[in-house]
Amino acid sequence: MNRRDLLKKGAVIGGAVVAAKVAGAGSKAFATQKKYRWRMVTSWPPGFPILQTGAERFAKRVGELTQGRLTIQVYAGGELVPPLGVFDAVSSGSVQCGHSASYYWAGKCNAAQWFTSIPFGMDAQGMNAWFYYGNGLKLWEEVYKQFNLVPRPAGNTSIQMGGWFNKKINSMADFKGLKMRIPGLGGKVLGKAGAAITLLPAGEIYTSLERGVIDATEWVGPCHDIRMGFYKVAKYYYYPGWHEPGSTLELIINKKAYESLPSDLKAAIDTAAAELNSKMLSEFEKENAKALTGLLKDKKIKLLRFPDEVLKGLKKLSYETIQDVASKDKLSRKVNDDFQAFKKKLSDWNKISEKVYYDFMI
Ligand code: CA
């Protein structure tokens, strides 16, 4: 064997040894890798399109990304805990994660409301910019830390609809005495305008509208509204959804459970959440457009735009309401100040970009 052959052989043997060592280390590491079995609860009915199916897709993606090292069993609202029991279940650690919306927890945590949507707040694009590149997610983590929760944006409904009405809204005076089902800050705003606000469970809205117990209700957007059948019992479908311009859904993870994960599994969760956040918005856009066509062509609904005077009036009352709600505690003030400052900067940009372009694109 000449020197060159020796060198060649040595290199091959050396290479083989290195390869064997790597394989050995890999299989040893794989054998000792811990497997995690998690449970996830949601606020959505079983099979609820886009929201529950989105949560299930997230769980599947985490399983794929971790090659089965972290698997998540998903339970719809009511299957393990009630729809609005998600926050407590994850906070206490009885389950490891949940999918819901932060504004449901306003009673426990005032500052949580800004992380879903506020009246005349930012749209989905703005919310995502605030979360990922502004202080949005940092502030959300700070707010939820006291509840042992780690939040992640995990979906967006896109702008919602103004709602289904049996009375026409021509001026702010038309809200006086109007009986409407509208939760959250939007409800507070209309309350200030003189409306009688009721909170009804989803299953009671249709019959209440049919029997005149309420004059109006908001829900989500065309895709979910058509399934509720409101077009059969309401005369007018109003737009835009000034009260929920870009509602973000949340993934919440028990802090201890999240911190117990190795860094690659944490990354898998964060990646799958970001994917869900983006894909759910896309799905909403596509399904809402399809359902709106169905409502207009097949159901012959009457679509009405809130007059400018009404939107201006609602905007003024929304500003006052949000100032009131933000003044309740230090953390809410801090979140609102940051939200408003980010929105202001974004508005200066949006004014000369999307706002102008939309008028000519459509
Ligand atoms: Ca809504």
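Residues numbered from 1 in each chain as written. Predicted model: local features only at pLDDT ≥ 70, side-chain atom pairs only at ≥ 80, totals over all residues. Heavy atoms only, no water.

**Details of the pattern of salt bridges**
Where side chains of opposite charge bring their charged atoms close, a pairing between them can arise. Under the criterion given, the structure shown has 20 salt bridges. With a closest N to O distance of 3.0 Å, E259 and K255 form a salt bridge. With E259 and K255 both in helix α9 (residues 255-259), this residue pair falls four residues apart, about one helical turn. For E259, a relative accessible area of 48% corresponds to the partly exposed category. Looking at K255, the relative accessible area reads 24%, which means it is partly exposed. Close ionic contact of E287 with K290 constitutes a salt bridge, the shortest N to O distance being 3.9 Å. Taken as a pair, E287 and K290 lie in helix α10 (residues 263-297) at a separation of three residues, close to a single helical turn. (Salt bridge = Lys/Arg side-chain N within 4 Å of Asp/Glu carboxyl O. Helix = DSSP H or I, 4+ residues; strand = E, 2+ residues; numbered from the N terminus. Buried < 20%, exposed > 50% of the residue type's maximum accessible area, 1.4 Å probe, protein only.)

**Description of the packing of aromatic side chains**
Per the stated rule, a full pass over the model turns up 18 aromatic pairs. Measuring from centroid to centroid gives 5.1 Å for F87 and F147, while their planes differ by 70°, and the two rings are edge-to-face. Placement of the pair is F87 in helix α3 (residues 86-92) and F147 in the loop between α5 (136-145) and β4 (149-156), with a sequence separation of 60 residues. Each member of the pair, F87 together with F147, is buried. With 5.7 Å between their ring centres and 10° between their planes, F115 and W130 make a pair best called stacked. Here F115, found in the loop between β3 (97-100) and α4 (124-133), pairs with W130, found in helix α4; they are 15 residues apart in sequence, far enough to count as distant. Like W130, F115 is buried. A network of ring pairs unites the aromatic residues W44, F87, Y103, Y104, W105, F115, W130, F131, W140, Y144, F147 and F339 as a single cluster. (Phe/Tyr/Trp six-rings, centres within 6.5 Å; stacked < 30°, edge-to-face > 60°.)

**Looking at unusual backbone geometry**
The omega torsion of the bond from Y239 to P240 falls at -5°, within 30 degrees of zero and hence cis. Note on placement: P240 falls in the loop between β9 (236-239) and β10 (248-254). Despite not being glycine, F120 has its phi angle at roughly 60°, a positive value. With respect to the helices, strands and loops of the structure, F120 is situated in the loop between β3 and α4. Here S158, not a glycine, exhibits a phi torsion of approximately 70°, which is positive. Within the secondary structure, S158 sits in the loop between β4 and β5 (163-165).

**Digging into the sheet that holds β9**
An order of β7-β6-β8-β5-β9-β11 is seen for the six strands of this open sheet, with the pairing classed as mixed. Taken across any chain shown, the strands that pair with only one partner, and hence form the sheet edges, are β7 (196-198) and β11 (302-305). In terms of strand pairing, strand β6 (residues 179-181) meets β7 through three bridges, oriented parallel. Each residue of the ladder has a partner; that of K179, found in β7, is A196. (Pairing = 2+ DSSP bridges.)

**Overview of the sheet that holds strand β2 (residues 70-75)**
If you walk across this open sheet you meet the five strands as β2-β1-β3-β10-β4, and the pairing is mixed. Of all the strands in the sheet, just β2 and β4 have a single pairing partner and so form its edges. The mean inter-strand angle of the sheet, taken between neighbouring strand axes irrespective of direction, is 25°. Both strand β1 (residues 36-42) and β2 contribute to a ladder of six bridges, which runs parallel. Each bridged residue has a counterpart across the sheet, and for R39 the counterpart in β2 is Q73. Strand contacts of helix α2 (residues 51-65): β1, β2, β3 and β10, with the helix running at about 165° to β2, the strand carrying the most contacts. Of the strands in this sheet, β4 and β10 touch α5, which is tilted by about 135° from β4. (Axes fitted to C-alpha atoms, helices over the stretch in contact; angles between N-to-C directions. Contact = heavy atoms within 4.5 Å.)

**Structural notes on the domain arrangement of the protein**
Split into domains, the protein comes out as domain 1 (34-156 + 246-286) and domain 2 (160-243 + 300-328). Here the C-alpha centroids of domain 1 and domain 2 sit 27 Å apart. The interface of domain 1 with domain 2 comprises twelve residues on the first partner and 18 residues on the second. On the surface where domain 1 and domain 2 come into contact, there are three residue pairs in polar contact (both at pLDDT 80 or more). Looking at side-chain class alone, the side of domain 1 that touches domain 2 contains eight nonpolar, four polar and no charged residues. (Domains from an automatic or database assignment. Polar contact = N/O pair within 3.5 Å; in protein donor to acceptor, adjacent residues only side chain to side chain. Nonpolar A, V, L, I, M, F, W, Y, C, P; charged D, E, K, R; others polar.)

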